[in-house]
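Survey of secondary and tertiary structure
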Amino acid sequence: MSSVQIARFIVSFSWIYHGIFPKLLHIAPMEKLMTASLGFSNEISDLITQSAGIGEVIFGVVFFVFYRLKLVLVLNIVGLIGLLLFVAVLQPQLLIEAFNPVTTNIPIIALSLVLLNNLKQSSQA
């Protein structure tokens, strides 16, 4: 399996997994903390979290299929940076917890940069 395919699978898997398990099947306490910090009721926070989970699963599938589109790769990077900044502003203490957005988002951004670089090299060939 090529490094491009490994990057494709890992990035897609990350979005799909983070959409399904901590947001749809079971809303994780950290997810509740994040949406609650926006000031919404528990019911609305759960709805926002579940909606985000659906969006993440959809984006994971879109990424898996369209990983060779520059727009999808850039949206992925911008989205991950945005989510990291969201945590940094609303719940900065989470940045030093185990398996935090720094240790998950930055490697996924790096894999996306590998895919972008491969796309650039392919278009020059």
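**Some words on the packing of aromatic side chains**
What the rule picks out here adds up to five aromatic pairs. Geometrically, the ring pair formed by Tyr 17 and Phe 21 is tilted, given 4.7 Å between the ring centres and 35° between the ring planes. Taken together, the residues Tyr 17 and Phe 21, both in helix α1 (residues 3-25) and four residues apart, mark about one turn of the helix. A relative accessible area of 41% places Phe 21 in the partly exposed class. Centroid distance Phe 59 to Phe 63: 6.3 Å. Interplanar angle 50°. Geometry classified as tilted. Of this pair, Phe 59 and Phe 63 both sit in helix α3 (residues 42-65), four residues apart, which is roughly one turn of the helix. According to the relative accessible area criterion, Phe 59 is buried, its value standing at 18%. For Phe 63, a relative accessible area of 0% puts it in the buried group. Every member of this aromatic cluster is reached through a ring pair, and the members are Phe 13, Tyr 17 and Phe 21. Over the face of the ring belonging to Phe 64 we find Arg 8, whose NZ or CZ atom lies 3.9 Å from the ring centre.

**Details of helix α4 (residues 70-90)**
The end-to-end C-alpha distance of α4 is 30 Å, a good match for the 30 Å that 21 residues give at a rise of 1.5 Å each. Every buried residue of α4 is listed here: Val 72, Leu 73, Asn 76, Ile 77, Leu 80, Leu 84 and Val 87. Along the axis of α4, the buried residues cluster in a sector spanning 140°; they form a single face. Exposed residues on α4 whose side chains face more than 90 degrees from its buried face are Lys 70, Leu 71, Val 78, Leu 85 and Val 89. Buried residues in α4 make contact with α1, α2 (29-36), α3 and α5 (101-124).

**Points about the nonpolar core**
Core analysis: the biggest nonpolar cluster contains 16 residues, and Phe 63, Leu 73 and Leu 115 have the highest contact counts within it. For this core, the elements supplying multiple residues, two or more each, are α1, α3, α4 and α5. Other than its neighbours up to four places away in sequence, Leu 115 contacts Val 4, Ala 7, Arg 8, Phe 63, Tyr 67 and Leu 73.

**Some remarks on a nonpolar patch on the surface**
A cluster of nonpolar side chains, Leu 38, Phe 40, Ile 44, Leu 47, Ile 48 and Phe 86, forms an exposed patch at the surface whose accessible area comes to about 490 Å². If you tally residues by element for the nonpolar patch, the top one is α3, at three residues. You can see Phe 86 is positioned in helix α4. Under the relative-accessibility criterion, Phe 86 is labelled partly exposed at 32%.

What counts as what
- Residues numbered from 1 in each chain as written.
- Predicted model: local features only at pLDDT ≥ 70, side-chain atom pairs only at ≥ 80, totals over all residues.
- Heavy atoms only, no water.
- Phe/Tyr/Trp six-rings, centres within 6.5 Å; stacked < 30°, edge-to-face > 60°.
- Helix = DSSP H or I, 4+ residues; strand = E, 2+ residues; numbered from the N terminus.
- Buried < 20%, exposed > 50% of the residue type's maximum accessible area, 1.4 Å probe, protein only.
- Lys NZ or Arg CZ within 6 Å of the ring centre and 35° of its normal.
- Expected span 1.5 Å × (residues − 1).
- Arc of directions from axis to C-beta.
- Contact = heavy atoms within 4.5 Å.
- Core = buried A, V, L, I, M, F, W, Y, C linked by side-chain atoms within 4.5 Å.
- Patch = residues over 30% accessible without salt bridge, like charges linked within 9 Å, V, L, I, M, F, W, Y side chains within 5 Å.
- Areas by Shrake-Rupley, 256 points an atom, 1.4 Å probe, with all protein chains shown as cover.
- Salt bridge = Lys/Arg side-chain N within 4 Å of Asp/Glu carboxyl O.

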